[in-house]
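Coordinate inspection notes
Each chain is listed here by its residues.
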Amino acid sequence: MPELPEVEAVVRTLHPLVQGQRIRCVHVLHPIAVKPQPLSRLADLARNRRIQRADRKGKYVLLRLDRGLVTLHFKLDGRLVWFSNARELRERANAQENGVHVDVAFELEKGVLGFSDRRHFGRVYAWDRFEDSSGLASLGIDALSRDFKAARFREMLAGSKRPLKDFLMDQTRVAGLGNIYSGESLWHARLDPRRRAKSLEPEEARRLHKAIVSVLARALECCLHPAPDFRDSQWWFQGLEKILRVYGREGEPCRRCDGTIQRIEQGGRSTYFCRRCQK
DNA sequence: CCTGCTACCTGATGGC
DNA sequence: TGCCATCAGGTAGCAG
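In this text the structure is predicted, and so the values were computed from the model without any measurement.

**Description of the protein's contact with DNA strand B**
The immediate surroundings of DNA strand B are formed by Ile-32, Arg-118, Arg-119, Phe-121, Arg-162 and Arg-173. Backbone atoms, meaning sugar plus phosphate, form 52% of the atoms of DNA strand B positioned within 4 Å of the protein. Within the side chain of Arg-118, a nitrogen or oxygen atom sits 3.5 Å from a phosphate oxygen of DNA strand B. A distance of 2.5 Å separates a base oxygen of DNA strand B from a polar atom in the side chain of Arg-119. Taken together, the residues of the surface near DNA strand B sort by class into two nonpolar, no polar and four charged.

Have a look at this one:
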């Protein structure tokens, strides 16, 4: 489950399900999901703790406990699943029939929250304090937060010679954009992804800031309708295609000019853009 | 400090 | 059909 809007939608759905609940038991069904932390670390920290709230920073989901916190990162394919009770978890988790892949499960007073990632890139970690997680502690300004302001963004751009696409993907500067929405934002701002960040004129920087904010807002709306449903194993975000202007459209016509969408590689990832109108 | 590259995994898809 | 190559919405860790 990829970028910031998807994670935000998940957290908004998750929060009312778990707030105030005590974690009765933690099951690590696929130990790779907690590596490299010691196997017992998660259960030791989380068992019998109460979840004060579920929230989000960048693409991380946080379960803030009455002591310590749990972080979940979905990487490319991770997701949440929900079971009514421990019995349903036992019967269905990683079962042949009617089975659901589950890596880690938190048995709550009411319901069971599961973390699932067949690809095993995703991770679930336990921390005493927020700052102990280097990934979390190094995150930059959250792209959906009020602190993400045009003036500040312009200063950050001015301090980097990296290509715009790489700059936007860097979570230590602006947290939340990934491969899809960084490319979409650059298309909306009519900027060439290969341009050096510091080469932007003030007006271009403002345009990019505005594009990021509006792309994320539209994507979040889309992710909330319909809202995530952790009970439905088929559930996934619907209708994202209709808001995407360039992603995955190599060889197809640009939606703004007579150009054709190209695919290039940047930092080992695919970038889609229109050479004709993105300058 | 900054940057670029690779590894980490599994599954879907398309060409032959 | 089978086999192989390529691709996938992310980040940590490492070398230079």
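Picking up where we left off.
**Focus: unusual backbone geometry**
Backbone torsion omega between Lys-35 and Pro-36 reads 5°, so that peptide bond is classified as cis. Among the structural elements, Pro-36 can be located in the loop between β1 (23-28) and α2 (41-46). Across the junction of His-225 and Pro-226, the peptide omega takes the value 0°, indicating a cis bond. If you trace the backbone, Pro-226 turns up in the loop between α8 (202-224) and β11 (261-266). One non-glycine residue, Asn-48, lies in the positive phi region at around 70°. Following the sequence through the fold, Asn-48 ends up in the loop between α2 and β2 (51-57). Unusually for a residue other than glycine, Asn-98 sits at a positive phi of about 55°.

**Some thoughts on the protein's contact with DNA strand C**
In the vicinity of DNA strand C lie 22 residues, with Pro-2, Glu-6, Lys-59, Tyr-60 and Tyr-247 positioned nearest. Between a sugar or linking oxygen of DNA strand C and a side-chain N or O atom of Glu-3, the distance comes to 3.4 Å. Between DNA strand C and the protein, one listed contact pairs a phosphate oxygen with a side-chain N or O atom of Arg-269 at 3.1 Å. Listed by contribution, the elements that provide at least two residues to the surface near DNA strand C are α7 (179-188) and β12 (269-274). When residues in the surface near DNA strand C are grouped by element, the largest group, three residues, is from β12. Grouping the constituent residues of the surface near DNA strand C by class yields nine nonpolar, six polar and seven charged.

**What to know about the environment of Ile-23**
Following the sequence through the fold, Ile-23 ends up in strand β1. A sequence separation of 119 residues divides Ile-23 from Asp-142, and the C-alpha atoms of the two residues are 28 Å apart.

**Observations concerning the sheet that holds strand β6 (residues 104-108)**
The strand order β1-β6-β7-β5 describes an open sheet built from four strands, whose pairing is antiparallel. Strand pairing shows two members of the sheet lacking a second neighbour, β1 and β5 (79-83), which therefore form its edges. The average undirected angle you get between the axes of adjacent strands in this sheet is 20°. Looking at chain direction, β1 and β6 are connected through five bridges and run antiparallel. The residue of β6 that forms the bridge with Val-28 is Val-104. Relative to β5, helix α1 (residues 4-18) is tilted by about 30°, and along the sheet it contacts β5, β6 and β7 (112-116).

**Examining the nonpolar core**
Of all hydrophobic cores here, the largest spans 68 residues; its most connected members are Phe-106 and Leu-208. Residue contributions to this core peak at eleven residues, all from α8. In this structure, this core is formed jointly by two domains, domain 1 (4-137) and domain 2 (141-274), each of which donates at least three residues. Not counting chain neighbours up to four residues away, the residues in contact with Phe-106 comprise Ile-23, Cys-25, Val-26, Leu-42, Val-70, Gly-111, Val-112, Leu-113 and Val-124.

**Notes on the domain arrangement of chain A**
It is common to report an interface's size as the accessible area lost on association of the parts. The assigned domain composition of chain A is domain 1 (4-137) and domain 2 (141-274). Computed over C-alpha atoms, the centres of domain 1 and domain 2 are 28 Å apart. With 22 residues of domain 1 at the contact, the number on the domain 2 side is 24 residues. Across the domain 1/domain 2 interface, buried area totals approximately 1,900 Å², and carbon plus sulfur atoms make up 64% of it. The salt bridge partner of Arg-231 is Glu-88, with a shortest N-O separation of 3.1 Å. Counting the contacts that link domain 1 with domain 2 gives nine residue pairs in polar contact (both at pLDDT 80 or more). Going through the elements one at a time, α1, β2 and β5 are the ones with two or more residues in the side of domain 1 that touches domain 2. Per-element accounting of the side of domain 1 that touches domain 2 gives the leading share, ten residues, to α1. Of the residues assigned to the side of domain 1 that touches domain 2, the class counts are ten nonpolar, four polar and eight charged.

Calculation criteria
Residues numbered from 1 in each chain as written. Chains lettered and ligands numbered in written order. Predicted model: local features only at pLDDT ≥ 70, side-chain atom pairs only at ≥ 80, totals over all residues. Heavy atoms only, no water. Near = heavy atom within 4 Å. Polar contact = N/O pair within 3.5 Å; in protein donor to acceptor, adjacent residues only side chain to side chain. Nonpolar A, V, L, I, M, F, W, Y, C, P; charged D, E, K, R; others polar. Helix = DSSP H or I, 4+ residues; strand = E, 2+ residues; numbered from the N terminus. Pairing = 2+ DSSP bridges. Axes fitted to C-alpha atoms, helices over the stretch in contact; angles between N-to-C directions. Contact = heavy atoms within 4.5 Å. Core = buried A, V, L, I, M, F, W, Y, C linked by side-chain atoms within 4.5 Å. Buried < 20%, exposed > 50% of the residue type's maximum accessible area, 1.4 Å probe, protein only. Domains from an automatic or database assignment. Buried area = accessible area lost by both parts, 1.4 Å probe. Salt bridge = Lys/Arg side-chain N within 4 Å of Asp/Glu carboxyl O.

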